[in-house]
2 protein chains.
Amino acid sequence: MRSLLHMPFDPGSRFIRLMLAEKGLAARLVETPPWAAGSELAPHNPALTIPVLIDEPPTGGEIPISPSFAIADYLEEVYRDPALMPSTSAGRAEARRIGHWFESKFEKEVNRLIVRRRIDGRQQGRKWGEPEPVRDAADALAWHLDYISFLLERRLFLAGDRLSIADLAAAAHFSVNDYFGLIPWSDFPEARAWYQKMKSRPSMQPLLKEKLEGTPPAPHYADLDF
Amino acid sequence: MRSLLHMPFDPGSRFIRLMLAEKGLAARLVETPPWAAGSELAPHNPALTIPVLIDEPPTGGEIPISPSFAIADYLEEVYRDPALMPSTSAGRAEARRIGHWFESKFEKEVNRLIVRRRIDGRQQGRKWGEPEPVRDAADALAWHLDYISFLLERRLFLAGDRLSIADLAAAAHFSVNDYFGLIPWSDFPEARAWYQKMKSRPSMQPLLKEKLEGTPPAPHYADLDF
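Cut-offs and rules
Residues numbered from 1 in each chain as written. Chains lettered and ligands numbered in written order. Predicted model: local features only at pLDDT ≥ 70, side-chain atom pairs only at ≥ 80, totals over all residues. Heavy atoms only, no water. Pairing = 2+ DSSP bridges. Helix = DSSP H or I, 4+ residues; strand = E, 2+ residues; numbered from the N terminus. Axes fitted to C-alpha atoms, helices over the stretch in contact; angles between N-to-C directions. Buried < 20%, exposed > 50% of the residue type's maximum accessible area, 1.4 Å probe, protein only. Polar contact = N/O pair within 3.5 Å; in protein donor to acceptor, adjacent residues only side chain to side chain. Contact = heavy atoms within 4.5 Å. Buried area = accessible area lost by both parts, 1.4 Å probe. Salt bridge = Lys/Arg side-chain N within 4 Å of Asp/Glu carboxyl O. Nonpolar A, V, L, I, M, F, W, Y, C, P; charged D, E, K, R; others polar.

**What about the sheet that holds strand β3 (residues 52-55) of chain A?**
Residues and elements named next belong to chain A. Taken in spatial order, the four strands of this open sheet run β2-β1-β3-β4, and their pairing is mixed. Both edges of this open sheet fall to β2 (28-31) and β4 (63-65), since each of them pairs with a single strand only. Strand-to-strand, the axes of this sheet are offset by a mean angle of 20 degrees, without reference to chain direction. Direction of pairing for β3 relative to β4: antiparallel, over a ladder of three bridges. Along β4, the bridge assignment pairs Leu53 with Ile65.

**Thoughts on the side chain of B:Arg92**
When you line up the elements, B:Arg92 lands in helix α3 (residues 89-111). Looking at B:Arg92, the relative accessible area reads 18%, which means it is buried. A polar side-chain atom of B:Arg92 sits 3.1 Å from the main-chain carbonyl oxygen of B:Pro86. Non-local contacts of B:Arg92, meaning those with residues more than four positions away in its chain, are made with A:Glu77, B:Met85, B:Pro86 and B:Ser87.

**Quick notes on the interface of chain A and chain B**
Opposite the 23 residues of chain A that make contact, chain B presents 23 residues. If you sort the residues of chain A by the area they bury against chain B, A:Pro46, A:Glu77 and A:Arg96 come out on top, with a joint share of 23%. If you look at where chain A meets chain B, you find six salt bridges. Salt-bridge contacts for B:Glu77 lead to A:Arg96; the nearest nitrogen and oxygen are separated by 3.0 Å. Taken together, the connections running from chain A to chain B amount to four residue pairs in polar contact (both at pLDDT 80 or more). When its residues are assigned to classes, the side of chain A that touches chain B shows 14 nonpolar, three polar and six charged.

**A word on the pattern of salt bridges**
This model, assessed by the stated rule, comprises 36 salt bridges over all chains. For A:Arg97, the salt bridge is made with A:Glu94, and the minimal N-O distance between the two is 2.9 Å. Here A:Glu94 and A:Arg97 lie together in helix α3 (residues 89-111), a separation of three residues that amounts to about one turn. Note on accessibility: A:Arg97 and A:Glu94 belong to one class, buried. B:Glu109 is paired through a salt bridge with B:Lys105; the nearest N and O atoms lie 2.9 Å apart. Within this pair, B:Glu109 and its partner B:Lys105 are both found in helix α3, separated by four residues, close to a single helical turn. Each member of the salt-bridge network shares a partner with another, and the members are A:Asp73, A:Glu77, A:Arg92, A:Arg96, B:Asp73, B:Glu77, B:Arg92 and B:Arg96.

Pasting the structure below:
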């Protein structure tokens, strides 16, 4: 059976879990902290990042794949049905642009400010006693919510009128920030309506049940009608 | 005619220029500093990063594509011949892994230390008078050269026995570091033999002729038998 080396609150790992679930592909989830000494990662991914998919394709053998975007492209190529990329080249370029937006830009501008400190080894990136940059994170999040609202005024989903990898990447990143109650949904009705739609999908349910030890989720985290 | 919004010494832009040249696709090169106020970038790429390809496909219209990896996938999909990706899914996953390695990991661990300070607005990222972290950069570069040597002991090219996007991404990143004489080629004979092969390709020649104002290239920069 295929395996996914992941961490439950890592946004890139959640992106791939959503993609596997949407395609109906089972995977053994193996928690693999990239910061741990002697991590299981090295033989499968010398870059020591998660997620890593170790696929066992019908043709036999084991194929380790990383990083997240290479996994997304691989899954889309090998397991075509249902398609999670638009049917035109221009559409696929748009879905990839927005997917990369979340995996790189949102990661750098939003996740690094707060959630990375809470999910990666719990202490990394902040000196003891140093306050969290809550104001900066709120500004950055508002800017990104504003941008997806702009897209959603014109489209049903982020990259067009059908669900694509863009929505799955975005939902993965928002879900982690939402766990900590960081997202001002009431100021962004289009984004909220889109996230309600995403949250209702069966693929999202396992993520909404997860708990981070010592930190309970925001009250609305798993509520479909937040 | 298609356009590429780029900067001459930006490694990601060079990666796409190499890909266009290998595929025999002409493009108007438009220097577009992402740090400039009122940049031409915003309407084509709200993430304000380069490169951006504005393609004019045979079917008509204009398609703006970014970031670099979405451009690479688009070009490979739309202009298939010659193929710059392996023919198997496992092979393509390996080429993408190594391509992302250079575009993300090498960018973060190597380029940020020295070359970004020299090519991006010339003053960014370092306070006046602060020394450059030359020792750190040398260590990081040696580690990456060691890794590609490991690959090249087993393969003719980085992702297998044929040229792929992995080689083009890597050559783009090495070329910028090589301009500044930062690469200890004599310690890494496999990497050097591979880069000699890459340097001899017609697609590389325009890059080897470029000069950064006020900073002449290392003496061996354009020498094919360095």
